[in-house]
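A look at the structure
Each chain is listed here by its residues.
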Amino acid sequence: MKKIISLLITAAIVILLPFQTLQAWSSFRNEHGQGHANTIEAKTPISSDTAGIKWQIRFAENGTTAYNSDPVITDTGLYVTCKDTLYQLDKNGAIHSFLTLAAPMNSVCRMCLHGNRLFIPLSGGRMQCVDISTMTTLWTSEAFGLQSLTTVYEKDGLIYAGTTNASGTEGIFYCLSAENGRTQWTYTDTKETCGYYWSGAVSDSAANFILFGGDNGILVSHSAKEDTIFDTYDLSDGTSQTDDPSAGPGKIRAGITYDTETDAYYTTSTNGYLYRIKMTSHGTFESVTAVSLFPSRTPDSNCTSTPTIVNGRIYVCSYSGIQGQIDVIDAVTMNQIYTASSPDCRDIKSSPLVCTGYNGDTDDDTGNGPLYVYFTQNALPGGIYYIRDDMTAQSAEIEMLFAPQEGKQFCLSSIAADSDGTLYYSNDSGTLFAIQDGYRQTPGEPSPAPSVSPDAAPTAIPPSDPVIPKTETQPGQGHLAGGKVSKKTKKPGKPQNVKWKIKKAKGRSYRVTYTWKKGAHTAYTRIKISKQNKKTSKKKKWSRVFQTSAVKKTITLKSGTYRVSFYGCQKGTKKSGAVNHTLHIPSIH
């Protein structure tokens with residue numbers, strides 16, 4: 001009898017909870033390293049004659065441009081960040097509560113939900129963890145500086161993300177404990193600094209390594225848990241396999257997709273290439289195959305789209321100039337099956353969502369029904385487009401599914417979906433759209449607002465002081481609320497006891513290892529290295545910038561004289577005065 005009562009109480013609690021944590025779309029592209037990322041089995045809208053706005057909502061004040069995060073979706077609700085506020089909505093678009101965050105989001109915010117914990121990347125290189133069952137902050141990470149534009153990825157209790165500056169020339173990649181937000185490790189390229197801009201990490205769920213790439217075009221295989229690099233691969237080496245003499249290094253501004261059928265990883269570069277990456281069980285690169293999305297290449301060919309793979313067919317978007325296209329490529333042979341475009345198809349930056357819900361709708365037993373592939377365009381009106389494909393198709397036509405009558409703007413976002421087949425996305429007007437069958441608008445009809453029930457009045461959760469992990473990397477930091485310092489913070493002190501050792505490396509290089517003691521009240525150390533050219537030299541002065549929360553850094557340098565400056569930094573904006581020294585690397589004969 002006690003067991004029956006216990007089960008009844010549990011069932012009642014589940015019914016009463018307005019937001020369960022069953023996850024329908026838990027991160028950007030719903031990537032978990034288990035295959036089938038960015039696919040939906042529910043039947044989605046497939047005709048502009050019937051599809052329309054179920055509801056739409058704008059969180060920010062009216063203006064020309066605003067940005068929302070990509071939504072995270074549970075079985076009963078959605079979570080969206082706009083500026084410095086996290087919103088909790090139900091499936092009817094009603095706001096139930098909202099929470100002021102530690103800082104505003106940047107122009108892109110790709111959150112990740114695991115259990116009840118929502119991990120939100122924020123400006124200044126912070127990560128904030130919110131318990132969605134109570135809408136309270138569990139912790140806020142140290143501030144790594146710069147912008148947070150990468151996809152957040154969770155694996156085995158660890159969180160992975162990166163930072164970048166506006167040009168993609170500076171940044172770090174880092175790993176945090178999902179439990180308490182403490183920094184596990186950070187990675188900075190020692191040869192050429194780069195930012196992590198729209199990229200992200202991924203891993204086969206059984207692997208012990210994490211793959212990520214950045215604006216220097218280099219893929220990194222890093223130990224998932226330890227501060228150890230297994231291997232690196234420069235994608236420009238992959239493009240040298242092609243016969244294209246203009247192929248050169250491209251930036252990685254897309255995520256990485258893992259496909260279980262081919263046991264391979266797929267990504268793209270901004271010079272218009274798609275790559276298939278095979279890894280060994282030790283986390284080293286086995287092979288990389290490249291294919292150009294633009295056989296007749298032009299200098300402005302570009303791709304920031306993360307591939308989606310279904311039934312051995314790769315779907316990826318790209319553009320050349322203002323002309324957009326979507327390619328279908330064989331995942332095994334890496335041969336292009338066909339390209340779909342149209343005269344009015346513009347620059348596409350989104351990653352394609354593939355609906356498999358109609359795959360069984362055939363007159364025979366082949367199961368080769370249609371697939372519907374959705375994407376947005378970075379052009380007005382900021383709507384949804386799609387193609388219809390199947391296993392035998394050799395061509396497709398791009399069709400428009402939905403065009404907003406209000407809230408027209410450009411669109412960087414990709415499309416998410418829930419188990420009901422509703423499509424969700426935001427364009428640059430800051431409007432979140434929910435698109436479903438049976439809601440087609442007649443021209444001139446006002447767009448529907450969320451259906452708000454009397455018991456759905458939003459509850460404002462006060463901005464509590466975020467819990468910042470107590471580590472040696474963050475003594476003396478003040479708490480943050482709403483992106484502003486709520487109490488005065490102490491000025492960061494200069495690094496102390498800077499020492500270095502020089503060791504011969506391969507070729508004509510040396511490895512210089514620095515150690516130091518952090519100054520008081522610092523979150524991380526910034527190191528700037530500038531090569532001192534002769535006054536008569538016309539060459540541009542060589543310089544690199546590194547930042548690390550550790551107290552040891554190894555840098556590979558060639559012969560020459562360098563000025564090295566160390567700064568203690570705090571919250572991504574404040575820094576100490578410089579500790580300078582001159583480093584002389586002898587010539588190698």
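Structure: above.
One numbering rule holds for all chains: residues counted from 1, following each sequence as written. Two thresholds apply to this predicted model, a pLDDT of at least 70 for residue-level local features and 80 or more for giving and counting side-chain atom pairs, whereas whole-chain, interface and lining totals are computed over all residues. Note that water and hydrogens are dropped before the side-chain values are worked out from all heavy atoms of the structure.

Some details on the overall build of the protein chain
Of the regular secondary structure elements, the protein chain holds two helices and 45 strands. Residue burial in the protein chain is summarised as follows: out of 589 residues, 58% are buried. Residue contacts follow a heavy-atom distance rule, with two residues in contact if any of their heavy atoms lie within 4.5 Å. Considering only contacts in the protein chain between residues 6 or more positions apart, those separated by 24 or more positions represent 57%. To be clear on the numbers: accessible area is Shrake-Rupley with a 1.4 Å probe, and residue cover counts the displayed protein chains and nothing else. If you sum the accessible surface of the protein chain, you get close to 24,800 Å²; carbon and sulfur atoms cover 51% of it. Only DSSP runs of H or I reaching four residues or more are called helices, and only runs of E reaching two or more are called strands; each is numbered from the N terminus. For the exposure calls, accessible area comes from a 1.4 Å probe over protein chains only, and a residue counts as buried if that area is under 20% of its type's maximum, exposed if over 50%, partly exposed in between.

Focus: the sheet that holds strand S32 (residues 416–417)
One open sheet accounts for four strands, arranged S3-S34-S33-S32; its pairing is antiparallel. With partners counted over all chains shown, the strands left at the sheet margins are strand S3 (51–58) and S32, one partner each. Sheet topology places S3 next to strand S34 (residues 431–437); seven bridges connect them, and they run antiparallel. Following the sheet pairing, Ile 53 is matched in S34 by Ile 435. By the convention used here, strands pair only if DSSP detects at least 2 bridges between them.

Details of the pattern of salt bridges
Note on definitions: salt bridges are taken to be side-chain nitrogens of Lys or Arg within 4 Å of carboxyl oxygens of Asp or Glu. Summed over the entire model, instances satisfying the criterion amount to nine salt bridges. Put simply, Arg 526 and Glu 170 hold a salt bridge, and the shortest N to O gap is 3.1 Å. Taken together, the residues span a long stretch of sequence, with Arg 526 in strand S40 (residues 524–531) and Glu 170 in the loop between strand S13 (158–162) and strand S14 (173–177) at a distance of 356 residues. Of the two residues examined, Arg 526 and Glu 170, each falls in the buried class.

Here we look at the sheet that holds strand S22 (residues 285–292)
Spatial ordering of the open sheet is given by S19-S20-S21-S22, a layout of four strands whose pairing is antiparallel. Each end of this open sheet is capped by a strand with a single partner; those strands are strand S19 (257–259) and S22. Taken over all neighbouring pairs, the strand axes of this sheet differ in orientation by 25° on average, direction set aside. With three bridges joining them, S19 and strand S20 (residues 264–269) adopt antiparallel strand pairing. Looking at the pairing, Asp 259 lines up with Ala 264 of S20. Only the stretch in contact is used when fitting a helix axis, every axis being a line fitted to C-alpha atoms; angles between N-to-C directions are given from 0 to 180 degrees.

Notes on the environment of Glu 261
Examined against the element boundaries, Glu 261 turns out to sit in the loop between S19 and S20. For Glu 261, a relative accessible area of 53% gives the class exposed. Here the alpha-carbon distance between Glu 261 and Asn 311, two residues 50 residues apart in the chain, equals 8.4 Å. Setting aside anything within four residues of it in sequence, one finds Glu 261 in contact with Asn 311 and Gly 312.

Some details on the pairing of strand S39 (residues 509–517)
Sheet analysis places strand S38 (residues 496–504) next to S39, joined by seven bridges and oriented antiparallel. Across the sheet, Trp 500 pairs through a bridge with Tyr 514, a residue of S39.

A look at the packing of aromatic side chains
Think of it this way: a Phe, Tyr or Trp ring, Trp meaning its six-membered ring, pairs with another when their centres are within 6.5 Å, and the plane angle makes it stacked under 30 degrees, edge-to-face over 60, tilted otherwise. Under the criterion given, the structure shown has 25 aromatic pairs. By way of ring pairs, the aromatic residues Tyr 160, Phe 173, Trp 185, Tyr 187, Tyr 196 and Phe 212 are connected into one cluster. Arg 253 extends its terminal NZ or CZ atom over the ring of Tyr 197, reaching a point 3.8 Å from the ring centre. Here Lys 575 stacks its cationic end above the ring of Tyr 567, 4.4 Å away from the centre of that ring. A ring has a charge above it when a Lys NZ or an Arg CZ is no more than 6 Å from the ring centre and no more than 35 degrees off the ring normal.

Some points on the nonpolar core
Take the buried Ala, Val, Leu, Ile, Met, Phe, Trp, Tyr and Cys residues and link them wherever side-chain atoms come within 4.5 Å; each set so joined is a nonpolar core. If you look at the biggest cluster of nonpolar residues, it comprises 38 residues, and the most contacted ones within it are Phe 59, Tyr 374, Ile 384, Leu 423 and Ile 435. Core analysis: the second largest hydrophobic core is formed by 33 residues, Ile 218, Tyr 258, Tyr 273 and Ile 277 among them.

With respect to unusual backbone geometry
The linkage connecting Leu 380 with the following residue, Pro 381, adopts the cis geometry, with an omega of 10°. The residue Pro 381 is located in the loop between strand S29 (371–375) and strand S30 (384–389) in this model. Positive phi, normally seen in glycine, also occurs at Leu 146, with a value near 70°. Here Leu 146 lies in the loop between strand S11 (136–140) and strand S12 (153–155). Within the chain, Asp 156 stands out as a residue other than glycine whose phi angle is a positive 50°. Topologically, Asp 156 is positioned in the loop between S12 and S13. Judged by its relative accessible area of 57%, Asp 156 falls in the exposed class.

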